[in-house]
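What the coordinates show
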Amino acid sequence: MLALIGVLGIGLFIYLLARGRHSMIVAFIVPILLIPIACGLYTGNFSLKDMSACITGGIQNTASLGIMAAQIMAGCALFEALGLNPTLGGIVMAVVVFIYCSISGMWGVMITDSVQTLVIFFSTVFCIVIVAMQGGFDAISAALPASAFDPVPFSGERLVMMLVPGALNGLISGAAYQRTASCKDEKVAFWSPIIAAAALIPFVIMPVVIGMYGKALFPDAPTASILFTVVLQDMPPIVAGLMIAAVLSAVMSTMDIGLLNVTANTVNDIYFKTLNPMADEKKLGRLSAIVTLVSGVIALILAISSSSILSLLSSTYSIMNAGALVMVLGGIFWKKGTKEGAIASALCGMAMIILNKCGVQIPYIAFTSLIPALIAYIVVSLATQPKNAEAK
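This structure is a prediction, so every number in the text was calculated from the model and none was measured.

1. A word on empty space enclosed by the protein
The tally for this structure, following the rule as stated, stands at two cavities of 30 Å³ or more. Counted as a void, the second largest cavity has a volume near 40 Å³. As for the second largest cavity, its lining consists of Leu78, Leu227, Phe228, Val231, Leu232, Met243, Ile244 and Val247. Secondary structure elements with two or more residues in the lining of the second largest cavity: helix 9 (226-234) and helix 10 (237-275).

Printed below as a string of structure tokens:
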């Protein structure tokens, strides 16, 4: 069994890597899922609960790595706009985040995130004020064609693939549950995301306005780097410096929580609770440092090998939703759900994603992958009901 898992896993991993950058994130989920399962089977004490924990942790880890890679890509674009080596810039960012995550853990992440949020807030507001003072809104109206003001300037399918996977991911995001669980009471847990969402709306609009202003001033500049073009060529030095710090803050504040999620999932949920419950604090500490380092390296590889941030994020969210959405929501809202149903759901959903990346054309894969996952969850759960439940 172990040999079969190894051969199939290595073969699928190599094949997906060979298919190129669009399959890279899916390729990495193969060893992330199979290695802990193979280790558990090797120990001889591996239950369905353990397998479910490994699958859930592996899916969460893959999603965190994809999100981290997308943030590194954004940071690399900034370094490229500054005339610096983008790959070296990405490495420097990853090293800095690795250092303060390893030293200070969650406390350091929360402190740095708080400071970074303030930097993002004030720099973005200052930038919009400068745009308005320089007649930016009139320039946008005069220079850009009417099509630039279309609320959805692309196909409906692309809008759906950009919007829905990310929205669904919020229902099962480890970071979201982490923040909710840390709230002091139910009232805070209820209102905090609502207030945060309302506060976030202006920050969704403001970068778009800055980008449109940039296209009005620099029509020949590459769209992907137009924000940096505006900041570096049209903003006062102080505002430009703040905006650069804001971009780096946004990148690093997302990377650090991703690193902590991967480390917590791997060390606590998979290794300690499943594979080696007798591990001491010293061994867990060493493993945490290794996992954090390896995670940063994998995220860098994904960032360097990917060509589109939106495509990478869409694939990442699709993987997360296909493997975990049905089992998590089913476990919360359906009392008849079982561990066997959860495992079957995850495997079916992931199989759809892998088939799609292997060349099988599946329309709207972000949604269609949920159909077999839901069917498998219901059918297998009903077929594996406990005997006492059947008697009732």
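Moving on, there is more to tell.
2. A short note on the nonpolar core
Ranked by internal contacts, the top residues of the largest apolar core, which has 31 residues, are Ile72, Val97, Cys101 and Met255. Those elements giving two or more residues to this core turn out to be helix 3 (48-81), helix 4 (86-133), helix 10, helix 11 (281-305) and helix 12 (309-333). One finds Leu325, Met327, Ile365 and Ala373 within the second-largest nonpolar core, a separate group that totals 24 residues.

3. Notes on the environment of Ile210
Assignment of secondary structure puts Ile210 in helix 8 (residues 186-217). Assessed through its relative accessible area of 1%, Ile210 is described here as buried. Leaving out residues up to four positions away in the same chain, Ile210 has contacts with Cys127, Ile128, Leu227 and Val230.

4. As for the packing of aromatic side chains
All chains considered together, the criterion is met by four aromatic pairs. When the ring of Phe121 is compared with that of Phe122, the centres are 5.1 Å apart and the planes differ by 80°; the resulting orientation is edge-to-face. Taken together, a centroid distance of 5.2 Å and an interplanar angle of 90° make the contact between Phe190 and Trp191 edge-to-face. Residue class for Phe190 comes out partly exposed when judged on its relative accessible area of 49%. Put simply, the rings of Phe121, Phe122 and Phe126 touch in pairs and so form one group of aromatic residues.

So, how was this worked out
Residues numbered from 1 in each chain as written. Predicted model: local features only at pLDDT ≥ 70, side-chain atom pairs only at ≥ 80, totals over all residues. Heavy atoms only, no water. 1 Å grid on protein atoms, 1.4 Å probe; cavity = no way out; pocket = protein on both sides within 12 Å on 5 of 7 lines; lining within 4 Å. Points joined across faces, edges and corners; volume = space filled by probe spheres on them. Helix = DSSP H or I, 4+ residues; strand = E, 2+ residues; numbered from the N terminus. Core = buried A, V, L, I, M, F, W, Y, C linked by side-chain atoms within 4.5 Å. Buried < 20%, exposed > 50% of the residue type's maximum accessible area, 1.4 Å probe, protein only. Contact = heavy atoms within 4.5 Å. Phe/Tyr/Trp six-rings, centres within 6.5 Å; stacked < 30°, edge-to-face > 60°.

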